[in-house]
Amino acid sequence: MSGGGTAACARWLGGDWLAERDGPGPDWHPGALGQGAVLASSGRAAIADVLRALAMPGSVVLLPAYACPALTQAVLLAGCQPDYYPGDIFLRPDWAALASLARTKRAAAAVVVHPWGWLQDGDAMRRLRASGVAVLEDASHTLTNASGQRVAGPDAATAMAASLRKTLPVAAGGLGRAWQGALPPTAPAQGPDSFAAARREALRQPAGPSRHRALQRAESVLDRQSAPPAPHPSVALALQELAERPPAAGVGWRRACRTNWSALREALAGGACSPWADTLPEGVCPTGFVVRHPDRSRLAAWLLRQGIEATLHWPVAPVARPKLTRPERLLAGSVLTLPCDGRFTPEDMDAIAAACRSLPAGGRTNGHPRESLQ
Ligand SMILES: Cc1ncc(COP(=O)(O)O)c(C=O)c1O
């Protein structure tokens, strides 16, 4: 991993950017960026790199049934076989079912995701690892969490991997680290590096339908990727962009994300958008404000017309669909994420809440009754 890239990444993850008044940066990051870490062109490429070190080709890797399809893609890129474990409405694994699946399928590894910044149970991860299955912690949504609520790290996981673009202002990039031993060198870069360029270009456009279409086009480049992507010049470029930002630009980021989240929580209370989580645990830096809405596609289209990009989650990999639990099926048909990260102001939050509330009644619904999920 290049020294310049490492330094820029460390500075953002554990350094100036997050060293705010509300606490130090996540203390495991310097380790994550030390000897043996790999930088890759995307999160899925980093996961594939790590899995190649943890699992023999053809072995089973367990994934959450409800997760983004990039995870399935990463397992396939590593030459392994994905299988899926169940979760609850907060996407917490059913740990007993996961341990039993790991035994019966002789799984080589299990991937544990911290959805949208909310942390999984570190003790349960530790017990799983002690049972003999390698635990890969997907920290894509938690890179900006505070150290008091740090991810499991080497105490409980065998390795970690993360997409950089979920939490950092970069167009693309992934980070992987095995906690014992080094990762094998990655394959040479393949093909034109169109994803980061297309995404960076899309991000330059003002929010609204055309930027949204450009972002979707850029994402489809990643989704079509079938060869294991290696560290790309784009990653160095993206990290260079971080290095060039004045440190002050990021100060207060975590606090702004949390304040915005709380403002939306209050402003949307009692409306048709029900928050996925009622409270924001200490230390969590949310990647967005996740809501359930009975007509989320129409809401997303309505917001987009007003220049607000809300993400729909997730197109579940077809092979995982039969494995979804009932709460996961409900989530899969009803959640979307409203933006609330540190780029946005309190006025933006007011505008987003007003736009949600002004969705005209009627139209086609998602077909999901507003059932109680508890
Ligand atoms: C939890 C999680 N892991 C991994 C990925 C893959 O990251 P990337 O899109 O950078 O490949 C994503 C998003 O796509 C994600 O949400």
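Look above for the structure.
### Notes on the overall build of the chain
- A count of helices and strands for the chain gives 13 helices and eleven strands.
- For the chain, buried positions account for 47% of its 374 residues.
- Sequence-distant contacts, at least 24 apart, represent 71% of the contacts inside the chain between residues at least 6 apart.

### Points about the sheet that holds strand β4 (residues 109–113)
- On the basis of which strands lie adjacent, the open sheet formed by seven strands has the order β1-β7-β6-β5-β4-β2-β3 and mixed pairing. Of all the strands in the sheet, the pair left with one neighbour each is β1 (38–40) and β3 (81–85). Each strand of the sheet is rotated relative to its neighbour by a mean of 25 degrees, with strand direction disregarded.
- Two elements, β4 and strand β5 (residues 134–138), share five bridges in a ladder whose sense is parallel. From the neighbouring strand, valine 111 faces β5, where its bridge partner is leucine 136.
- The sheet strands contacting helix α5 (residues 95–104) are β2 (60–64), β3 and β4, and the helix crosses β3 at an angle near 150 degrees.

### A short note on the environment of cysteine 68
- You can see cysteine 68 is positioned in the loop between β2 and α4 (70–77).
- A residue is classified by how many C-beta atoms lie within 10 Å of it, and cysteine 68, with 22 of them, is buried.
- Through-space distance from the C-alpha of cysteine 68 to that of alanine 317 is 7.7 Å; in sequence the pair is 249 residues apart.

### Structural notes on unusual backbone geometry
- The backbone phi angle of leucine 91 is positive, close to 60 degrees, even though this residue is not glycine.
- Relative to the helices and strands, leucine 91 resides in the loop between β3 and α5.
- Unlike most non-glycine residues, arginine 106 shows phi in positive territory, near 50 degrees.
- Mapped onto the secondary structure, arginine 106 falls in the loop between α5 and β4.

### So, the site of the ligand
- Near the ligand you find 15 residues, and of these Ser42, Gly43, Arg44, Ala70 and Ser163 are the closest.
- Counting residues per element, the ones that place at least two in the shell around the ligand are α3 (43–54) and α4.
- For the shell around the ligand, the per-class residue count stands at five nonpolar, six polar and four charged.

### Points about the nonpolar core
- The biggest cluster of nonpolar side chains holds 91 residues, and the ones touching the most others in it are Leu51, Val61, Ala109, Ala110 and Leu136.
- Here the element with the most residues in this core is α3; it accounts for eight residues.
- Looking at which domains feed residues into this core, each of domain 1 (3–244) and domain 2 (251–357) gives three or more.
- Contacts of alanine 109, omitting those with residues within four sequence positions, involve Leu51, Leu54, Ala55, Val61, Val133, Ala134 and Leu136.

### A short note on the sheet that holds strand β10 (residues 311–312)
- Taken together, four strands build an open sheet; the order of strands is β8-β9-β11-β10 and the sheet is antiparallel. Every interior strand has two partners, whereas the edge strands, β8 (274–275) and β10, have only one.
- One ladder, built from two bridges, connects β8 with strand β9 (residues 289–292); its direction is antiparallel. Opposite proline 275, over in β9, you have valine 291 as the bridge partner.

### Overview of the environment of leucine 215
- Here leucine 215 shows up in helix α8 (residues 209–224).
- Judged by the 18 C-beta atoms lying within 10 Å of it, leucine 215 falls in the partly exposed class.
- Sequence-wise, leucine 215 and glutamine 205 are ten residues apart; in three dimensions their C-alpha atoms are separated by 9.9 Å.

### Focus on the pairing of β5
- Across the five residues of β5, five count as buried, placing the element largely inside the fold.
- Going residue by residue along β5, you find Ala134, Leu136 and Asp138 tucked away on one face and Val135 and Glu137 tucked away on the opposite face as well.
- Crossover handedness for the path β4 to helix α6 (residues 122–130) to β5: right-handed.
- Looking at chain direction, β5 and strand β6 (residues 159–163) are connected through three bridges and run parallel. Opposite aspartate 138, over in β6, you have alanine 161 as the bridge partner.

What counts as what
Residues numbered from 1 in each chain as written. Predicted model: local features only at pLDDT ≥ 70, side-chain atom pairs only at ≥ 80, totals over all residues. Helix = DSSP H or I, 4+ residues; strand = E, 2+ residues; numbered from the N terminus. Buried ≥ 20, exposed ≤ 12 C-beta atoms within 10 Å, placed from the backbone. Contact = placed C-beta atoms within 7 Å. Pairing = 2+ DSSP bridges. Axes fitted to C-alpha atoms, helices over the stretch in contact; angles between N-to-C directions. Near = placed C-beta within 6 Å. Nonpolar A, V, L, I, M, F, W, Y, C, P; charged D, E, K, R; others polar. Core = buried A, V, L, I, M, F, W, Y, C linked by C-beta atoms within 7 Å. Domains from an automatic or database assignment. Right-handed = clockwise from strand over helix to strand, strands pointing away.

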